[in-house]
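# Observations on the three-dimensional arrangement
Spelled out, the chains give:
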Amino acid sequence: MKDDVWALVHAERAALIDDLAHLDDERWSTPSLCAGWSVHDVAAHLVDTARTTRLGFVAGLVRARFDFDRQNTRGVERERGATPGETLERLRRVAARTSTPPAPLDSRLVEEVVHGEDIRRPVGLTRSYPRQAVVRALRLQTRTPASFGGAKELTTRVRLTATDTDLAIGTGPEAKGPALALLLAVSGRRTALDELEGPGAAALAEASPLS
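The text that follows walks through the structure, step by step, so that each part is easy to find. This one's a predicted model, so the numbers in the text were calculated from it and none came from an experiment. Throughout this description, residue numbers start from 1 for each chain and increase along the sequence as written. Note on the predicted model: pLDDT of at least 70 is required for a residue's local features to be given, and 80 or more for side-chain atom pairs to be given and counted; whole-chain, interface and lining totals, by contrast, use all residues. Side-chain measures here rest on the full set of heavy atoms in the structure, leaving out hydrogens and waters.

This brings us to the overall build of the protein. Within the protein, the regular secondary structure consists of 10 helices and three strands. Helix and strand assignments come from DSSP, with helices taken as H or I runs of at least 4 residues and strands as E runs of at least 2, each series counted from the N terminus. The order of α-helices and β-strands along the protein, N terminus first, is α-α-α-α-α-α-α-α-β-β-β-α-α. With C-alpha atoms as the basis for the radius of gyration, the globule rule is written as 2.2 Å multiplied by the number of residues raised to the power 0.38. Against the 2.2 N^0.38 benchmark of 17 Å for 211 residues, the protein shows a C-alpha radius of gyration of 17 Å, consistent with a compact globule. The rule is simple: take the accessible area with a 1.4 Å probe, protein chains only, and divide by the maximum for that residue type; under 20% is buried, over 50% is exposed, in between is partly exposed. The buried share of the protein, reckoned over its 211 residues, is 51%. Between two residues, a contact is recorded if the distance between any of their heavy atoms is within 4.5 Å. Nonlocal contacts in the protein, meaning residues at least 24 apart in sequence, comprise 59% of its contacts between residues at least 6 apart. Surface accessibility of the protein: about 10200 Å² in total, with carbon and sulfur atoms responsible for 51%. Values of accessible area rely on a 1.4 Å probe in the Shrake-Rupley scheme; residue burial ignores everything except the protein chains shown.

Next up, the structure:
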């Protein structure tokens with residue numbers, strides 16, 4: 001099971017590295033779907049999360065006074081190279097790593113898929129993600145409390161139905177659309193809401209304040 005997840009994670013890292021290699025420096029400065037972060041910042045964040053170990057995460061959180069946002073900001077500052085090329089090289093060097101913070105392993109898929117879209121959509125790139133990667137990421141997000149960046153509470157008010165795979169989660173008014181759009185919506189990315197339909201889509205819109 002672990003090998004299956006890491007194979008998906010490594011494939012996503014390799015695909016993103018390939019996409020980033022074709023961007024000129026100006027497009028690296030494009031605002032990402034992460035509020036306040038550029039494409040370059042998100043790439044640096046992915047370097048940081050790929051390097052993170054369980055012990056390192058706890059130590060970093062203590063240094064950040066248990067402020068997740070501060071911890072992430074410091075990670076970006078630490079791993080962001082002086083140039084896009086330098087950051088890309090750092091991402092290449094960590095692409096095969098299997099270290100992880102103290103979180104479910106599928107959280108690595110959430111990182112790679114959601115942040116992959118944070119980068120790709122603003123610069124006009126598309127990717128056909130493996131269905132298994134998207135579904136596993138979506139299932140984890142809907143099991144994770146909002147306090148940890150998930151949408152567990154939301155599933156008590158909205159039924160999420162994927163139109164491109166056999167997946168339905170939650171209770172309440174239905175929001176339906178592609179699994180990737182559902183994943184982005186429950187991860188706070190408003191850009192995917194236009195791909196959803198049904199009475200539950202409005203509840204998702206209210207719960208997606210980030211971008």
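Read on for the rest.
Below, the discussion takes up the nonpolar core. Each nonpolar core is a collection of buried residues, namely Ala, Val, Leu, Ile, Met, Phe, Trp, Tyr and Cys, held together in the definition by side-chain atoms within 4.5 Å. Residues Leu196 and Leu204 are the most contacted members of the largest nonpolar core, which totals 37 residues. Contacts of Leu204, omitting those with residues within four sequence positions, involve Leu154, Leu160, Ala175, Ala185, Val186, Leu193 and Leu196. Listed in part, the 21 residues of the second largest apolar core include Ile17, Cys34, Ala44 and Val76.

When a carboxyl oxygen of Asp or Glu is within 4 Å of a side-chain nitrogen of Lys or Arg, the pair counts as a salt bridge. Throughout the structure, instances matching the rule amount to 13 salt bridges. Between Glu79 and Arg78 there is a salt bridge whose closest N-O contact spans 3.8 Å. Residue Arg90 pairs with Glu86 through a salt bridge whose shortest N-O separation is 2.7 Å. Taken as a pair, Arg90 and Glu86 lie in helix 6 (residues 84-94) at a separation of four residues, close to a single helical turn. Arg90 sits in the buried class, given a relative accessible area of 17%.

Side-chain rings of Phe, Tyr and Trp, where Trp is taken by its six-membered ring, are said to pair if the distance between their centres is within 6.5 Å; with planes under 30 degrees apart they count as stacked, over 60 as edge-to-face, and otherwise as tilted. In total, this model carries zero aromatic pairs according to the counting rule given. Over the ring of Tyr129 we find Arg127; its NZ or CZ atom is 5.6 Å from the centre of that ring. Think of it as a cone above the ring: NZ of Lys or CZ of Arg counts as a charge over the ring if it is within 6 Å of the ring centre and within 35 degrees of the ring normal.

Take the environment of Thr161 next. On the secondary structure map, Thr161 appears in strand 1 (residues 159-162). A C-alpha to C-alpha distance of 6.9 Å links Thr161 and Glu174, two positions 13 residues apart in sequence. N or O atoms within 3.5 Å of each other form a polar contact, as long as, within protein, one can give a hydrogen and the other can take it, and as long as residues adjacent in sequence are counted only when both atoms are side-chain atoms. Of note is the side chain of Thr161, whose polar atom sits 2.7 Å from the side chain of Glu174.

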